[in-house]
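The lines below spell out each chain.
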Amino acid sequence: MNKKKKTIRPSWDEYFIDIAKLVSKRSTCLRRKVGAVIVKNRRILATGYNGTPSGIRHCEEVGCLREKLKIPSGERHELCRGLHAEQNALLQASLYGISLEGSSLYCTNQPCLICAKMLINAGIREVVIVDGYPDKLAQEFLKEAKIKVRKINNF
């Protein structure tokens, strides 16, 4: 009798976080590589990684102003050439007319306050992360907006 080997499949969380990690490899940020995937009903709606806007030179080419000024992580976001992964995912969905109402964000890091506010207004209902980020106010905003935040083990 021929016994079939059972295929080990990743959980949905593992699957989408693995995709977010892959997306993060496109990042041109010199400080942190972040990837984001927005999902609804187990279908990918949009992805994003942190980096400069289209047509703007990458930090790899011109250097990092935040690094030069010794700005700590989580502070003075306006002094960055790039957009965050979450912002790029939201913009990708907007560009293609995709509603994100009721969807989930899978991200390699916790969103900052600016991203948290955008996610709230985009209708995101859940955020799944692997690593934290030094922004307690973002956590408070997501909680107040009743957005479920789950931190899953890095696998």
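Conventions used here
Residues numbered from 1 in each chain as written. Predicted model: local features only at pLDDT ≥ 70, side-chain atom pairs only at ≥ 80, totals over all residues. Heavy atoms only, no water. Buried < 20%, exposed > 50% of the residue type's maximum accessible area, 1.4 Å probe, protein only. Helix = DSSP H or I, 4+ residues; strand = E, 2+ residues; numbered from the N terminus. Pairing = 2+ DSSP bridges. Right-handed = clockwise from strand over helix to strand, strands pointing away. UniProt positions renumbered as here; feature names shortened; annotations may be inferred. Axes fitted to C-alpha atoms, helices over the stretch in contact; angles between N-to-C directions. Parallel < 35°, antiparallel > 145°, perpendicular 65-115°, else oblique. Left-handed = near helix turned anticlockwise from the far one by under 90°. Contact = heavy atoms within 4.5 Å. Nonpolar A, V, L, I, M, F, W, Y, C, P; charged D, E, K, R; others polar. Arc of directions from axis to C-beta. Phe/Tyr/Trp six-rings, centres within 6.5 Å; stacked < 30°, edge-to-face > 60°.

Engineer: Give a detailed account of the pairing of strand β4 (residues 126–131), specifying residues and quantitative values.
Structural biologist: Among the six residues of β4, five are classified as buried, and the element is accordingly described as predominantly covered. Of the pairings in the sheet, the one linking strand β3 (residues 104–109) to β4 comprises five bridges and is parallel in character. What sits directly across from S104, in β4, is E126. Handedness of the crossover is the feature at issue here: the chain leaves β3, passes through helix α5 (residues 113–122), returns alongside β4, and the resulting connection is right-handed. Summarising the sheet, β4 and strand β5 (residues 148–151) pair through four bridges and their orientation is parallel. Residue pairing for β5: V128 is matched across the bridge by R150. Once the chain exits β4 it traverses helix α6 (residues 136–144) before rejoining the sheet at β5, and the crossover so formed is right-handed.

Engineer: So what about the UniProt feature "domain: CMP/dCMP-type deaminase" (unreviewed entry) in the protein chain? Which residues, and what values?
Structural biologist: UniProt feature "domain: CMP/dCMP-type deaminase" (unreviewed entry): in the numbering of this structure it lies at residues 11–145. Overall, residues 11–145 shows 38% helix and 19% strand. The separation of its end C-alpha atoms is 27 Å.

Engineer: Help me get a handle on the environment of K3, residues and values and all.
Structural biologist: Considering the arrangement of structural elements, one finds K3 in the segment before α1 (12–24). Remark: the alpha-carbon pair of K3 and Y133, spanning 130 residues in sequence, is separated by 47 Å.

Engineer: I'd like to hear about the packing of α5 against α6, residue by residue, with values.
Structural biologist: Relative orientation of the contacting elements α5 and α6 amounts to 15 degrees, with a least axis distance of 8 Å. Classed by the angle they form, the pair α5 and α6 counts as roughly parallel. Handedness of the α5/α6 crossing: right-handed. Of the residues in α6, those touching α5 at L113, A116, K117 and I120 are L137, A138, F141 and L142. Looking at the contact of α5 with α6 residue by residue, the class counts come to seven nonpolar, no polar and one charged.

Engineer: Kindly report on α5, identifying the contributing residues and their values.
Structural biologist: Along α5, the residues that are buried comprise L113, C115, A116 and L119. Seen end-on, α5 carries its buried residues on one side only, within an arc spanning 155 degrees.

Engineer: Any chance you could break down unusual backbone geometry for me, citing the residues and the numbers?
Structural biologist: Positive phi values are uncommon outside glycine, yet N41 reaches one of about 50 degrees. Considering the arrangement of structural elements, one finds N41 in the loop between β1 (35–40) and β2 (43–49). The exposure class of N41 is exposed, given its relative accessible area of 65%. Positive phi, close to 60 degrees, is recorded for K146, a residue that is not glycine. Residue placement: K146 occurs in the loop between α6 and β5.

Engineer: Provide a residue-level description of the packing of aromatic side chains, including the pertinent values.
Structural biologist: Pairs of aromatic rings are described using the distance from one ring centre to the other and the angle between the two planes. A full pass over the atoms with the stated rule returns four aromatic pairs. With 5.8 Å between their ring centres and 85 degrees between their planes, W12 and Y15 make a pair best called edge-to-face. Placement of the pair is W12 and Y15 together in helix α1, with a separation of three residues, close to one helical turn. Judged by its relative accessible area of 34%, W12 falls in the partly exposed class. Aromatic ring contacts, followed pair by pair, group W12, Y15, F16 and Y106 into a single cluster.

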